[in-house]
Amino acid sequence: MDLKLKNKRALVTGSSSGLGYAAALALAKEGCKVAINGRDEAKIKNIAEKIQKETGTEAVGLAGDVSQLEVPEKLIQQTVEAFGGLDILITNTGGPTPGSIDSLDEAAWQKGIDLCLMAHVRLIKAALPYLRKSESASILTVTSLSVKQPIANLLISNSVRSATIGLTKSLALELGKEGIRVNSILPGWTETEHAVDLIAARAVKNNSTLEEELRKQTEMSPLGRLGQPEEFANAAAFLVSPAASYITGVMLNVDGGMYKGIF
Ligand SMILES: NC(=O)c1ccc[n+]([C@@H]2O[C@H](COP(=O)([O-])OP(=O)(O)OC[C@H]3O[C@@H](n4cnc5c(N)ncnc54)[C@H](OP(=O)(O)O)[C@@H]3O)[C@@H](O)[C@H]2O)c1
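Report on the accompanying structure. Please read all numbers here as calculations on a predicted model, not as lab measurements.

Thoughts on the side chain of Ser241
Part 1 of the argument: Among the secondary structure elements, Ser241 is positioned in the loop between α8 (229-240) and β7 (251-254).
Part 2 of the argument: Here Phe238 takes part through its backbone oxygen, which lies 2.8 Å from a polar atom of the side chain of Ser241.

Side note on the site of the ligand
Part 1 of the argument: Near the ligand there are 29 residues, and of these Leu19, Arg39, Thr93, Thr190 and Thr192 occur at the shortest range.
Part 2 of the argument: The backbone of Ser17 places a nitrogen or oxygen atom 3.0 Å from an oxygen atom of the ligand.
Part 3 of the argument: Within the side chain of Arg39, a nitrogen or oxygen atom sits 2.7 Å from an oxygen atom of the ligand.
Part 4 of the argument: Within the complex, the protein chains bury 90% of what would otherwise be the 880 Å² of accessible surface of the ligand.
Part 5 of the argument: For the shell around the ligand, the residue count by class is seven nonpolar, 18 polar and four charged.
Part 6 of the argument: Counting the residues that make up the shell around the ligand, at least three belong to each of domain 1 (9-189 + 229-254) and domain 2 (191-226).

Quick look at the pattern of salt bridges
Part 1 of the argument: Within the structure shown, the criterion is met by nine salt bridges.
Part 2 of the argument: Between Glu41 and Lys45 there is a salt bridge, with the nearest N and O atoms lying 3.5 Å from each other. One end of the pair is Glu41 and the other is Lys45, both in helix α2 (residues 41-55) and four residues apart, which spans about a single turn.
Part 3 of the argument: Glu41 sits in the partly exposed class, given a relative accessible area of 47%.
Part 4 of the argument: Of the charged contacts in the structure, one is a salt bridge between Glu213 and Lys216, with a shortest N-O distance of 3.0 Å. A residue pair is termed a helical-turn pair when its members lie 3 or 4 positions apart in one helix, as Glu213 and Lys216 do in helix α7 (residues 210-219) at three residues.
Part 5 of the argument: A residue is classified by how much of its surface remains accessible, and Lys216, at 32% relative accessible area, is partly exposed.
Part 6 of the argument: Salt bridges here are not isolated pairs; linked through shared partners, they connect Glu212, Arg215 and Glu219.

Observations regarding the sheet that holds strand β1 (residues 9-12)
Part 1 of the argument: Strands sit in the order β3-β2-β1-β4-β5-β6-β7 across an open sheet of seven strands; the sheet is parallel. At either end of the open sheet lies a strand with only one pairing partner, and these are β3 (59-63) and β7. The average angle at which neighbouring strand axes cross in this sheet is 20°, direction not considered.
Part 2 of the argument: Where strand β6 (residues 181-187) and β7 come together, four bridges link them in parallel fashion. The residue bridging Ser184 from the neighbouring strand is Met251, located in β7.

Conventions and cut-offs
- Residues numbered from 1 in each chain as written.
- Predicted model: local features only at pLDDT ≥ 70, side-chain atom pairs only at ≥ 80, totals over all residues.
- Heavy atoms only, no water.
- Helix = DSSP H or I, 4+ residues; strand = E, 2+ residues; numbered from the N terminus.
- Polar contact = N/O pair within 3.5 Å; in protein donor to acceptor, adjacent residues only side chain to side chain.
- Near = heavy atom within 4 Å.
- Areas by Shrake-Rupley, 256 points an atom, 1.4 Å probe, with all protein chains shown as cover.
- Nonpolar A, V, L, I, M, F, W, Y, C, P; charged D, E, K, R; others polar.
- Domains from an automatic or database assignment.
- Salt bridge = Lys/Arg side-chain N within 4 Å of Asp/Glu carboxyl O.
- Buried < 20%, exposed > 50% of the residue type's maximum accessible area, 1.4 Å probe, protein only.
- Pairing = 2+ DSSP bridges.
- Axes fitted to C-alpha atoms, helices over the stretch in contact; angles between N-to-C directions.

Right, dumping it as structure tokens:
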């Protein structure tokens, strides 16, 4: 199937590694120009060069912490300057501080809100004037399966990401008439640095080993394994592409069947 992504222009935030990187690479492989983002300038520029070499598609690396008030607007402007417009926005960020009600302080909650909610709000708000000029505008928020099935010791993610889902659905309803599609992917456990760190932290907390915690985690999955970033990226590239032109307002689990509810 042709996803019709050739020469589209995308910004994928939080994409120096993990899910964001995999999504940016998948878009670039389809001929989509990609702006990628992470907090370390030298690292993100190197990765953009690597993507450009590997795919032959234009890629730019933009440094900035998306949880900071002024950064989202700056990233959108830099993307538009580089590519002359914007068709696709994937709002992805790092995960919030893990912990429970007793361990998380006010500062951690505030940081979690800036990272897991306000970064999405600010990126989308800054992108809208350009998306409105696109003939195939699409927004994808990256959230978590934790909004449907809370994950132990991830209280901020379980709480704050629900607001991002509310934002996603509201915008799908508001912006549909303008031809702008808005969806979210709710990833389940996918093998990235971040996920492995979280499982390793659980091993320390439970006085067990990483192998034991990985075994317990994969046992809960109908497919019997963690996901691979490329499996997330395939779904992301499809959802933001013109090939998904009649899909909006969808909260898609990419979780290997880990979510046990029917709806
Ligand atoms: N992997 C999973 O199993 C899973 C499951 C459900 C939800 N999620 C969520 O999906 C998102 C991506 O997960 P992941 O596993 O790919 O995480 P990851 O491996 O930690 O990657 C996060 C990416 O975001 C960048 N980043 C982190 N904080 C940033 C910030 N403030 N501003 C700009 N960039 C930032 C990191 O780059 P730099 O460090 O270079 O800045 C990195 O490129 C996270 O929010 C995570 O909680 C992941």
